[in-house]
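Coordinate analysis (summary)
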Amino acid sequence: MRLRFSVWARTLMASQAARHKMAITFVGSAIVLVGWMVFLASTLHGRAVVSHWSTVWIGLDTMEALALATLGILLMRHDHRARTAATVAATLFGMDAWFDVMLSSSGGDLAQALLLAVVFEIPLAAACAGIARQTARWYDV
């Protein structure tokens, strides 16, 4: 399956017309997403009840751990895909910081979320972004 997708992706990206259509599709998708965000902003009420709250957070932390482990393994192997793993890890930790701070209530929860974001999540996201940038230089990507 991997080989077939790779051949398909190379074929799709080979022609200028295909790249142009793909670019238009992504821009169009972004425009639709902005419309969806406007709809949500006008209809959501600021309070939500989530039945699987702990599962969401455990899932995000699991993805972060997997991204860091993958990054470490790929760096040890001097594999060019470390750039992708570092980008994924940086994105996940940035998201984690954002959601922790934005979804915490005032008081102790907010202070703890800010502390974790400033001391752990944002610096780790920045370090992973730096690794992604540096590995691009290592592998001439």
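What comes next is a walk through the structure. (Residues numbered from 1 in each chain as written. Predicted model: local features only at pLDDT ≥ 70, side-chain atom pairs only at ≥ 80, totals over all residues. Heavy atoms only, no water.)

1. Structural notes on the packing of aromatic side chains
- Following the criterion strictly, the structure yields three aromatic pairs and no others.
- Geometrically, the ring pair formed by Phe93 and Phe120 is edge-to-face, given 5.9 Å between the ring centres and 85 degrees between the ring planes. Placement of the pair is Phe93 in helix α4 (residues 82-103) and Phe120 in helix α5 (residues 108-138), with a sequence separation of 27 residues.
- A residue is classified by how much of its surface remains accessible, and Phe93, at 3% relative accessible area, is buried.
- On the basis of relative accessibility, which here comes to 45%, the residue Phe120 falls in the partly exposed class. (Phe/Tyr/Trp six-rings, centres within 6.5 Å; stacked < 30°, edge-to-face > 60°. Helix = DSSP H or I, 4+ residues; strand = E, 2+ residues; numbered from the N terminus. Buried < 20%, exposed > 50% of the residue type's maximum accessible area, 1.4 Å probe, protein only.)

2. A few points about helix α3 (residues 53-76)
- Here α3 spans 35 Å end to end across 24 residues, near enough to the 34 Å set by a 1.5 Å rise per residue.
- Of all the residues in α3, the buried ones are Trp57, Leu60, Glu64, Ala67, Leu71 and Leu74.
- In this structure, the buried residues of α3 make contact with α4 and α5.
- Positive phi shows up at His78, right after α3, with a value of about 55 degrees. (Expected span 1.5 Å × (residues − 1). Contact = heavy atoms within 4.5 Å.)

3. Quick notes on the environment of His78
- Here His78 lies in the loop between α3 and α4.
- Sequence separation of His78 and Trp138 is 60 residues, and the distance between their C-alpha atoms is 9.3 Å.

4. Quick notes on α4
- Given a rise of 1.5 Å per residue, 22 residues ought to cover 32 Å, and the 31 Å separating the end C-alpha atoms of α4 matches this to within 8%.
- Within α4 the residues assigned to the buried category are Ala82, Ala85, Ala86, Ala89, Ala90, Leu92, Phe93, Asp96, Ala97 and Asp100. Projected down its long axis, α4 carries its buried residues within an arc of 165 degrees, all on one side. Relative to its buried face, α4 has exposed residues pointing more than 90 degrees away, namely Thr84 and Trp98. (Arc of directions from axis to C-beta.)

5. Brief notes about the nonpolar core
- One finds Leu71 and Cys128 to be the most contacted residues of the largest nonpolar core, which totals 13 residues.
- When contributions to this core are tallied by element, the ones reaching two or more residues are α3, α4 and α5.
- With near-sequence residues (within four places) excluded, Leu71 lies in contact with Ala82, Ala85, Ala86, Cys128 and Ile131. (Core = buried A, V, L, I, M, F, W, Y, C linked by side-chain atoms within 4.5 Å.)

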